[in-house]
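Chains, contacts and geometry: an overview
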Amino acid sequence: MDASVGWGIVGYGWVARDYMAPGIRAAGHHLVAVADPGETSRAAAEAEGARAHADLAGLIAEPAVEAVYVATPNHLHRGAVEALCAAGKAVLCEKPMAAALADAEAMAAAVRKTGAFYGTAFDQRHHPGHRAMRDLIRAGRLGTVTAVRIVYACWLDRAWTSFRGQDNWRIDPAQAGGGALIDLAPHGLDLVDFLLGEPIAEIAAMTQARAQDYAVDDGALLIGRTGSGALAQLNVAYNCPDALPRRRLEVVGTKGMLSATDTMGQTAGGSVTFTSGADGRTEDVAFDTTASPFLEQVRAFGRALRDPAARVAWDAERDLHTMRLIARAYAAAGKPAGRDAA
Ligand SMILES: NC(=O)c1ccc[n+]([C@@H]2O[C@H](COP(=O)([O-])OP(=O)(O)OC[C@H]3O[C@@H](n4cnc5c(N)ncnc54)[C@H](O)[C@@H]3O)[C@@H](O)[C@H]2O)c1
C-alpha cells in the first residue's frame, strides 16, 4: 500500500495552514480536501492545492481522504469527530479533545463504538527533543524522577486572532471551554505521561484573570502527582509577553536533570541539556533540530494508519483522562471551566 497518506482537514485556520499543511507536504503525504465554512480559509486551502468544501459532508464523500485532521475551534471537535468516526475515516483531532468534558466522553464512546483509529494531536510527543529526553529517562540517566517543571506561556490579548477577520474564539468560554489552562496545559499534562510513562493521577490548580480583559482565565498554576509519586508543576499563561523566556521543560531526578528550552511549541529546534547530579556538569543532548513536531506527527500517524501495531502513540482513553484532569483542575481552582459550568 502507498505510504503516502491522503489527508483531509476540517477547519483550515492558523494551525492547519501554518503547521499541519507544511507537515503533510514535508512528509510526502498529500492534502486532498478541506472542509471550512470560512471563505478565506477555503481560498487558502485551494492555494495549497486542496479541494475546499463548505461543509463536512463534502469532505467525507471524498474517497481519497483516508485520514482527517480536525482543527476547528474546540467546541466543534465533537461533531466532526463523531461524523468522521462513523464514516470510517482515521481522525487526528487537535487538543484539547473538546471544550467540555461531556463532549470528550462522547467522543471516546464514538471511538470505542466504531473502532476508528483516533488520536488527539499532541504534537509535542513527536518533537525530536522530547523523544531524546524520554529515551534518556527510560535509560535511567536521571535515576528516580522526582519532578517535572513546565513553563508554557504566551501573550494573547482580546484583539488576538490567528487569521485576519476571524473572531477570537479562544476568549469565549462557550467555544474554548476555558482560557490559558484548557488551551495550554493539555500539552504539558500529556508530556508528563509521555516522558515518564505514567499519567498524572492527582491534580490541583489555581487560575488567574490578571492582565487581560476577558471572561476566561489568563494564567494558571497546576500541580500534580503521578501514581508512583513524581510531582509535576505547570505554569501556563496568556499574559506573558512573547519576548520573555516562556517555553521551558525540566525533568529532575536523583541522578541528574534534563532542561529543554523552546522545544514546547509548533516549530522545530530548541535545545536540551543534561546536568549530572554527581558533579553538576552540563552537556548538550543531540536531537534532530530540523524536523518539526508536526512533521514527525504526520509521519507517525501515517505509519500507524498503515500498521495498526504502531498505534500505541494514540489512545482516546488516555486523552480522555487528560480532559478529566483539566476539568478537575478547573474545579480545584474554583473557577468555571467554560461550558462545563453552564
Ligand atoms: N497543537 C498546537 O500546537 C495547536 C496550535 C494552535 C491551535 N491548536 C488547536 O487547533 C484548533 C484550531 O485552532 P486555530 O488557532 O487554528 O484556530 P483558527 O481560528 O485559526 O481556525 C479555525 C478554523 O476553523 C474553521 N471553522 C469554524 N467552524 C467550522 C466548522 N463548523 N467546520 C469546519 N471548520 C470550521 C474556521 O473558519 C477557521 O478556518 C483548536 O482546537 C486549537 O486548540 C493546536
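Cut-offs applied
Residues numbered from 1 in each chain as written. Predicted model: local features only at pLDDT ≥ 70, side-chain atom pairs only at ≥ 80, totals over all residues. Heavy atoms only, no water. pLDDT = per-residue confidence, 0-100. Contact = heavy atoms within 4.5 Å. 1 Å grid on protein atoms, 1.4 Å probe; cavity = no way out; pocket = protein on both sides within 12 Å on 5 of 7 lines; lining within 4 Å. Points joined across faces, edges and corners; volume = space filled by probe spheres on them. Helix = DSSP H or I, 4+ residues; strand = E, 2+ residues; numbered from the N terminus. Nonpolar A, V, L, I, M, F, W, Y, C, P; charged D, E, K, R; others polar. Domains from an automatic or database assignment. Pairing = 2+ DSSP bridges. Axes fitted to C-alpha atoms, helices over the stretch in contact; angles between N-to-C directions. Parallel < 35°, antiparallel > 145°, perpendicular 65-115°, else oblique. Left-handed = near helix turned anticlockwise from the far one by under 90°.

Here's the deal with the confidence of the model for the protein chain
On average, residues of the protein chain score 95 in pLDDT, and 96% of them reach the 70 mark or higher. Residue range residues 337-342 is modelled with pLDDT below 50. Its contacts to residues more than four positions away, or to other chains, number 16 contacts.

Some thoughts on the layout of surface pockets
Approximately 340 Å³ is the volume found for the second largest pocket. Together, 17 residues line the second largest pocket, and Arg125, Arg134, Phe194, Val312 and Ala313 are the ones closest to its centre. Of all the secondary structure elements, the ones that give two or more residues to the lining of the second largest pocket are helix 6 (128-138), helix 8 (180-196) and helix 9 (293-306). Sort the elements by how many residues they give to the lining of the second largest pocket and helix 8 lands first, with 4 residues. For the lining of the second largest pocket, the class distribution of residues is 9 nonpolar, 2 polar and 6 charged. Built from parts of two domains, the lining of the second largest pocket gets at least three residues from each of domain 1 (6-122 + 296-313) and domain 2 (124-290 + 323-341).

Some words on the sheet that holds strand 2 (residues 30-35)
Pairing in this open sheet of 6 strands is parallel, and the strands run 3-2-1-4-5-6 from one edge to the other. Lying at the two open borders of the sheet, with one neighbouring strand each, are strand 3 (51-53) and strand 6 (118-120). The average angle at which neighbouring strand axes cross in this sheet is 20°, direction not considered. Sheet contacts for helix 1 (residues 14-26): strand 1 (6-10), strand 2, strand 4 (67-70) and strand 5 (90-93); angle to strand 1, the most-contacted strand, approximately 175°.

Overview of the packing of helix 8 against helix 10 (residues 316-333)
Orientation of helix 8 relative to helix 10, taken along the N-to-C sense of each, is 130°, at an axis distance of 10 Å. As summarised for this structure, helix 8 and helix 10 are arranged oblique, according to the angle between their axes. At the point where helix 8 passes helix 10, the crossing takes the right-handed sense. In contact with Leu181, Ile182, Ala185, Pro186, Leu189, Asp190 and Asp193 of helix 8, helix 10 contributes Arg318, Asp319, Thr322, Leu325, Ile326, Ala329 and Tyr330. Each residue belonging to the contact of helix 8 with helix 10 can be placed in one class, and the counts come to 9 nonpolar, 1 polar and 4 charged.

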